[in-house]
Amino acid sequence: LKNNNADISVCGYKEIQEDEEVSSRTEKRAGKSTAEVLSRRDAQMQALGSRSINYVVPWAKLYKKEMWEQIRFPALYALEDEYTYYKVLDKSQTVVYLNEPLYYYRVRSGSIMHNVPKWNPVLLDAWKERTAYFKKKQERKLFYYAALKVLGLLQWRISLILEEKSSTEEDVHPAVKEYRRQYRK
């Protein structure tokens, strides 16, 4: 944060399985770590792209406390970060992304994320809210990328329904109808 006068610093992470030992912090890391200094908008674009997990989850980051003023997580069982991260990023001027995995994320079989169903309508709701947020702020490019993510999620939902052996046209129809409704926007 200090070196780049950033509001948020994001680092890489490494998943550690339940029974796996965490290696020593003094172990030599392979490769050279690089810091990428990003504008608020570029960070938002990365959050909508291939590095989305690095930006969406609240862990593996350092924030200036001002970033969280008047922003709170909604009281949900899971996926509350999907309703929040883009608002925090939107308050920033500069974000630093460090590709080095400095955070260890322990994967546990009994965790909340392992108990979330494969399809969760809360995720769709969060993504639609994010899309409306960018539209309201007249962030055209971010709006379009966010809308494409919603459409992709709906396509994935339709494919899940079609994979079910007992699925019928009546099962698929509501998801297709929602897809068409979102597409028209």
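Nothing here was measured: the structure is a model prediction, and the numbers come from that model.

Q: Help me understand the sheet that holds strand β4 (residues 94-107), please; the structure alone is not making it clear to me.
A: Pairing is mixed in the open sheet, where four strands are placed in the order β2-β4-β1-β3. Of all strands in the sheet, those bounded by a partner on one side alone are β2 (35-39) and β3 (61-63). Averaged over all neighbouring strand pairs, the angle between strand axes comes to 35°, with direction disregarded. Of the pairings in the sheet, the one linking strand β1 (residues 8-17) to β3 comprises three bridges and is antiparallel in character. Bridge pairing in β3 links I8 to Y63.

Q: Explain a negative patch on the surface here, please?
A: A surface patch of like charges, here negative, comprises E18, D19, E20 and E21. Looking at where E18 falls in the secondary structure, it is placed in the loop between β1 and β2. The exposure class of E18 is partly exposed, given its relative accessible area of 45%.

Q: Explanation requested: the confidence of the model for the protein in the structure shown.
A: Parts of the prediction with low pLDDT should not have their coordinates interpreted in detail. In this model, the protein carries an average pLDDT of 85, and 87% of its residues clear a pLDDT of 70 or more. Looking across the protein, the model is least confident in helix α6 (residues 169-184), with a mean pLDDT of 70, and most confident in helix α3 (residues 85-91), with 96.

Q: It is not clear to me how the packing of helix α4 (residues 121-136) against helix α5 (residues 140-163) should be interpreted in this structure. Could you clarify?
A: Close contact between α4 and α5 brings their axes to 8 Å; oriented N to C, the two are set at 160°. When the axis of α4 is compared with that of α5, the two are roughly antiparallel. At the point where α4 passes α5, the crossing takes the left-handed sense. Only L142, F143, A146, A147, K149, V150, L153 and L154 of α5 make contact with α4, whose side of the interface consists of L123, L124, W127, K128, R130, T131, F134 and K135. A class-by-class count of the residues in the contact of α4 with α5 yields 11 nonpolar, one polar and four charged.

Q: Would you take a moment to explain the pairing of β1 for this structure?
A: Where β1 and β4 come together, 10 bridges link them in parallel fashion. Looking at β4, one finds that K14 is bridged to Y104.

Q: Which parts of the structure should I look at to understand the pattern of salt bridges?
A: Should their charged atoms come close, side chains of opposite charge can pair. Summed over the entire model, instances satisfying the criterion amount to seven salt bridges. D7 is the salt-bridge partner of K64, the closest N and O atoms lying 3.7 Å from each other. Linking K64 in the loop between β3 and α3 with D7 in the segment before β1, this pair joins segments that are 57 residues apart in sequence. Overall, K64 belongs to the partly exposed group, its relative accessible area being 28%. Residue class for D7 comes out buried when judged on its relative accessible area of 10%. With its nearest N and O atoms 3.3 Å apart, the salt bridge here joins K87 to E129. Note that K87 is positioned in helix α3 and E129 in helix α4, a separation of 42 residues in sequence. Looking at K87, the relative accessible area reads 26%, which means it is partly exposed. Owing to a relative accessible area of 32%, E129 belongs among the partly exposed residues under this scheme. One continuous salt-bridge network, built from bridges that share partners, spans R40, R41, D90, K137 and E139.

So, how was this worked out
- Residues numbered from 1 in each chain as written.
- Predicted model: local features only at pLDDT ≥ 70, side-chain atom pairs only at ≥ 80, totals over all residues.
- Heavy atoms only, no water.
- Pairing = 2+ DSSP bridges.
- Helix = DSSP H or I, 4+ residues; strand = E, 2+ residues; numbered from the N terminus.
- Axes fitted to C-alpha atoms, helices over the stretch in contact; angles between N-to-C directions.
- Patch = residues over 30% accessible without salt bridge, like charges linked within 9 Å, V, L, I, M, F, W, Y side chains within 5 Å.
- Areas by Shrake-Rupley, 256 points an atom, 1.4 Å probe, with all protein chains shown as cover.
- Salt bridge = Lys/Arg side-chain N within 4 Å of Asp/Glu carboxyl O.
- Lys, Arg positive; Asp, Glu negative; His and termini not counted.
- Charge placed at Lys NZ, Arg CZ, Asp CG, Glu CD.
- Buried < 20%, exposed > 50% of the residue type's maximum accessible area, 1.4 Å probe, protein only.
- pLDDT = per-residue confidence, 0-100.
- Parallel < 35°, antiparallel > 145°, perpendicular 65-115°, else oblique.
- Left-handed = near helix turned anticlockwise from the far one by under 90°.
- Contact = heavy atoms within 4.5 Å.
- Nonpolar A, V, L, I, M, F, W, Y, C, P; charged D, E, K, R; others polar.

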